[in-house]
There are 2 protein chains.
Amino acid sequence: MWCFPLEKKLSEIKEQFKEHRLTPQRRLVLEIFLENRDGHLSAEEVYQLSREKKGEIGLATIYRTLELLEALGLLHKINFGDGRSRYELVPVDYSEHHHHHHLVCLVCGGILEVEEDLLHQLEELIEAKHNFCIVNHNLQFFGYCSRCQQDGGKDKQG
Amino acid sequence: MWCFPLEKKLSEIKEQFKEHRLTPQRRLVLEIFLENRDGHLSAEEVYQLSREKKGEIGLATIYRTLELLEALGLLHKINFGDGRSRYELVPVDYSEHHHHHHLVCLVCGGILEVEEDLLHQLEELIEAKHNFCIVNHNLQFFGYCSRCQQDGGKDKQG
DNA sequence: TTTGATGCAAATGGTTTGCATCGGG
DNA sequence: CCCGATGCAAACCATTTGCATCAAA
């Protein structure tokens, strides 16, 4: 039987799926994200991972599933400017202002996550100054990761 | 004769164009960005603006020109997640740490620029903690602009 | 059983590329 | 003149959609 190793109870997940069917394909996609918590997977990557596991899922279904899981608040969609959308699991303790940022290495393409937020004060400043109601933000740093600084970027996609 | 109303002297621009030809098409694209300093133009928008002016430029040429101008450091490429790349003029007083951020309205799609940076301390923290050499960043805030908060988003693309 | 989900293939839309022609330096 | 630039059309690639079939509840 399929085991759902998420902090969140399966019943809660099912609750979020109220109007939607928990099909094997959707379970597999969730499973893939749970097994790749530190990854930022594109649709194509989810597709490749699905065929490496039990069952291959149609690419169209993957796209539709990713869209659904994002709407259900289980995934976050991110754009790193590499021409494809990527998704990451939304942490359980996620709240309006508990965000993390991404360090994108320009050499190996690796993506690190950092916890520091420090954007509260800036958001407050902006909301007051421009009367702009902020509901989300996106902060990415581009540069060179420690490994690529050392070996001069011998390998790609590390 | 074509006048280059950029703060930067034309001679400097030509210097940056050393290996490249300053063709009418490239001049027109530059001109369009100079006349839309507060805009964040997509290739398609530059194309439309080019046909509204003197001469229409082929879309392929626009893409190639945008790529060139970015490589020359005259334009910045930005991705707001709307499925197309956008470009903005790089300000003359641009320096490593003089960045601005974007407020993207989720209703009308309007884009405001804000001057506040306040990212220095965060960058220093990250560079020290993760040994990641930051060369650029990308900060976008998504939410509701003041006008859309008022009229409930009656109109689009304001 | 019924309605939503799947999968395939075709359509879409932004972007890139091959190639013959053009023209700036 | 020569080599890089242009323009057109075709190719590309990520993503979406139409539709017949399938299966979860």
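Neighbouring DNA strand C are 19 residues; Arg-21, Thr-23 and Arg-64 of chain A together with Arg-21 and Tyr-63 of chain B lie closest to it. Near the protein, meaning within 4 Å, the atoms of DNA strand C are sugar or phosphate in a fraction of 58%, with bases accounting for the rest. Here a sugar or linking oxygen of DNA strand C and a side-chain polar atom of Gln-25 of chain A are 3.0 Å apart. The side chain of Arg-21 of chain B places a nitrogen or oxygen atom 2.5 Å from a base nitrogen of DNA strand C. If you list the elements that add at least two residues to the surface near DNA strand C, you get α2 (24–34) and α4 (59–71) of chain A together with α4 (59–71) of chain B. Along the lines of polarity and charge, the residues of the surface near DNA strand C split into 5 nonpolar, 7 polar and 7 charged.

Chain A puts 37 residues into the contact, and the matching count from chain B is 37 residues. Counting the surface lost from both chain A and chain B, the interface buries some 3,100 Å², and carbon and sulfur atoms represent 67% of this. On inspection of chain A and its partner chain B, the count reaches 12 residue pairs in polar contact (both at pLDDT 80 or more). Mapped by element, the contributors of at least two residues to the side of chain A that touches chain B are β4 (101–105), β5 (111–114), α5 (120–130), β6 (133–144) and α6 (146–151) of chain A. The biggest single contributor to the side of chain A that touches chain B is β6 of chain A, with 12 residues. Grouping the constituent residues of the side of chain A that touches chain B by class yields 19 nonpolar, 13 polar and 5 charged. Sheet topology note: the β6 of chain A/strand β6 (residues 133–144) of chain B ladder contains 11 bridges and is antiparallel.

With that settled, consider the environment of Glu-19 of chain A. Mapping Glu-19 of chain A onto the fold places it in the loop between α1 (10–16) and α2. Between the alpha carbons of Glu-19 of chain A and Leu-41 of chain A there is a distance of 26 Å; along the sequence they are 22 residues apart.

Below, the discussion takes up the packing of helix α2 (residues 24–34) of chain B against helix α3 (residues 43–52) of chain B. All names here are of chain B. Two elements in contact, α2 and α3, have axes whose closest approach is 10 Å; the angle formed by their N-to-C orientations is 100°. Comparing the axis directions of α2 and α3 gives the class roughly perpendicular. Within the contact between the two elements, α2 uses Leu-28, Val-29, Ile-32 and Phe-33 and α3 uses Val-46, Leu-49 and Ser-50. Looking at the contact of α2 with α3 residue by residue, the classes come out as 6 nonpolar, 1 polar and no charged.

Moving on, we get to the protein's contact with DNA strand D. Around DNA strand D sit 19 residues, and of these Tyr-63 and Ser-85 of chain A together with Thr-23, Thr-61 and Arg-64 of chain B come closest. Among the atoms of DNA strand D lying within 4 Å of the protein, the sugar-phosphate backbone contributes 61%. Ser-85 of chain A is positioned such that a nitrogen or oxygen atom in its backbone is 2.8 Å from a phosphate oxygen of DNA strand D. Measuring from a sugar or linking oxygen of DNA strand D, one finds a side-chain N or O atom of Gln-25 of chain B at 3.0 Å.

Right, let's get into the nonpolar core. Ranked by internal contacts, the top residues of the largest apolar core, which has 26 residues, are Ile-126, Leu-139 and Phe-141 of chain A together with Ile-126, Leu-139 and Phe-141 of chain B. With sequence-adjacent residues up to four places away left out, Leu-139 of chain B is seen in contact with Leu-119, Leu-122, Asn-138 and Leu-139 of chain A together with His-101, His-102 and Leu-119 of chain B. Val-29, Ile-32, Val-46 and Leu-68 of chain A belong to the second-largest nonpolar core, a separate cluster that totals 22 residues.

Parameters and conventions
- Residues numbered from 1 in each chain as written.
- Chains lettered and ligands numbered in written order.
- Predicted model: local features only at pLDDT ≥ 70, side-chain atom pairs only at ≥ 80, totals over all residues.
- Heavy atoms only, no water.
- Near = heavy atom within 4 Å.
- Polar contact = N/O pair within 3.5 Å; in protein donor to acceptor, adjacent residues only side chain to side chain.
- Helix = DSSP H or I, 4+ residues; strand = E, 2+ residues; numbered from the N terminus.
- Nonpolar A, V, L, I, M, F, W, Y, C, P; charged D, E, K, R; others polar.
- Contact = heavy atoms within 4.5 Å.
- Buried area = accessible area lost by both parts, 1.4 Å probe.
- Pairing = 2+ DSSP bridges.
- Axes fitted to C-alpha atoms, helices over the stretch in contact; angles between N-to-C directions.
- Parallel < 35°, antiparallel > 145°, perpendicular 65-115°, else oblique.
- Core = buried A, V, L, I, M, F, W, Y, C linked by side-chain atoms within 4.5 Å.
- Buried < 20%, exposed > 50% of the residue type's maximum accessible area, 1.4 Å probe, protein only.

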